[in-house]
Amino acid sequence: MRKGATMKNIVTDRHSQIQTFLWETHKDLCHWFDVWHVAKGIKKQLLALSKMAGCEAVLKWSPSITNHIYWSAASSKGNTEECRQKWMSIANHVVNVHEGHGDAFTACLCDELVEEREWLIKGSKAHKELLIIVNSKMLLKDIGNISPIQQTSSLEAYHKVELYFAPKASHFSHKTMKASFTFQCKLKKTASAKERWGATVAHLLPKREGW
Ligand SMILES: [Zn+2]
């Protein structure tokens, strides 16, 4: 972080150690969660649910439900209750109910998108199990803090590139790292490395290499 800059917001995954650390040491910071990490966790639970007898229909709904978390966070612009109600409305939507979700989000915005789908049956095993996932206490607590704009993906892409050249399991001095990095880029031939990594690594390479 630039010296003298004031940090007001931070976006991380939902790792409990990070939450505890920030709560104990940076109470003044607004802590947001990266939406991809939340969506990934939900997707995993939906896939597991779809493998249960009588819940197979959940599989077809999995992409829509996962996308719904992105939309809920982005469209609520940090409004916790609105985000929470938008998210919970998916449990009604999948049983073909599109109104009466809550006072902060009364009806779906899906008029033209409502087509004949394989709706779940209200009260069925699949629906009941889905409700457990959607209304998870932990998820509903964190959902209002899903970052509506900034996410951690660009930083993670940077770390991925860094780890490619300097795996955590090995120790590298600064000189060795530079040498390894330059050598591997040369090895991959300038054109293909550029094509593969693009601008992500371009600024890390020595200027004389013509990047
Ligand atoms: Zn709907």
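Bear in mind that the values here come from a model prediction, so they are computed numbers and not experimental data. (Residues numbered from 1 in each chain as written. Predicted model: local features only at pLDDT ≥ 70, side-chain atom pairs only at ≥ 80, totals over all residues.)

This part is about the nonpolar core. Counting residues in hydrophobic clusters, the biggest one holds 24 residues, and the most contacted among them are Val58, Leu130 and Ile146. Mapped by element, the contributors of at least two residues to this core are strand S2 (30-33), helix H2 (35-50), helix H3 (58-76), helix H4 (80-88) and helix H6 (125-134). Top contributing element to this core by residue count: H3, with 5 residues. Residues contacting isoleucine 146, with those up to four places away along its chain left out, are Trp32, Phe33, Val35, Val38, Ala73 and Cys83. (Core = buried A, V, L, I, M, F, W, Y, C linked by C-beta atoms within 7 Å. Buried ≥ 20, exposed ≤ 12 C-beta atoms within 10 Å, placed from the backbone. Helix = DSSP H or I, 4+ residues; strand = E, 2+ residues; numbered from the N terminus. Contact = placed C-beta atoms within 7 Å.)

Turning next to the confidence of the model for the chain. Per-residue pLDDT for the chain has a mean of 79; in total, 73% of the residues score no lower than 70. No element of the chain has a lower mean pLDDT than helix H11 (residues 199-202), which averages 51, and none a higher one than H6, which averages 96. The model gives residues 205-211 a pLDDT under 50, and that stretch makes 5 contacts with residues more than four places away or in other chains. (pLDDT = per-residue confidence, 0-100.)

Moving on, we come to the pairing of strand S1 (residues 9-12). Taken together, the 4 bridges between S1 and S2 define a ladder with parallel strand orientation. Paired with isoleucine 10 across the strands is histidine 31, a residue of S2. (Pairing = 2+ DSSP bridges.)

This paragraph deals with the environment of phenylalanine 33. For phenylalanine 33, the position within the fold is in strand S2. The exposure class of phenylalanine 33 is buried, given the 23 C-beta atoms found within 10 Å. Considering only alpha carbons, one finds phenylalanine 33 and arginine 14, 19 residues apart in sequence, at a separation of 6.1 Å. Residues in contact with phenylalanine 33, not counting those within four places in the same chain, are Thr12, Asp13, Arg14, Val38, Asp142, Asn145, Ile146 and Ser147.

Although it is not a glycine, lysine 77 sits at a positive phi angle of roughly 50°. Of note, lysine 77 is situated in the loop between H3 and H4. Lysine 77 sits in the exposed class, given 10 other C-beta atoms within 10 Å. One non-glycine residue with positive phi stands out, namely asparagine 96, at about 65°. Inspection of the secondary structure puts asparagine 96 in the loop between helix H5 (90-93) and H6.

Taking 1.5 Å per residue, 19 residues should reach 27 Å; H3 reaches 26 Å between its end C-alpha atoms and fits that length. The elements touched by buried residues of H3 are H2, H4, H5 and H6. Looking one or two residues past H3, lysine 77 carries a phi angle of roughly 50°, positive in sign. (Expected span 1.5 Å × (residues − 1).)

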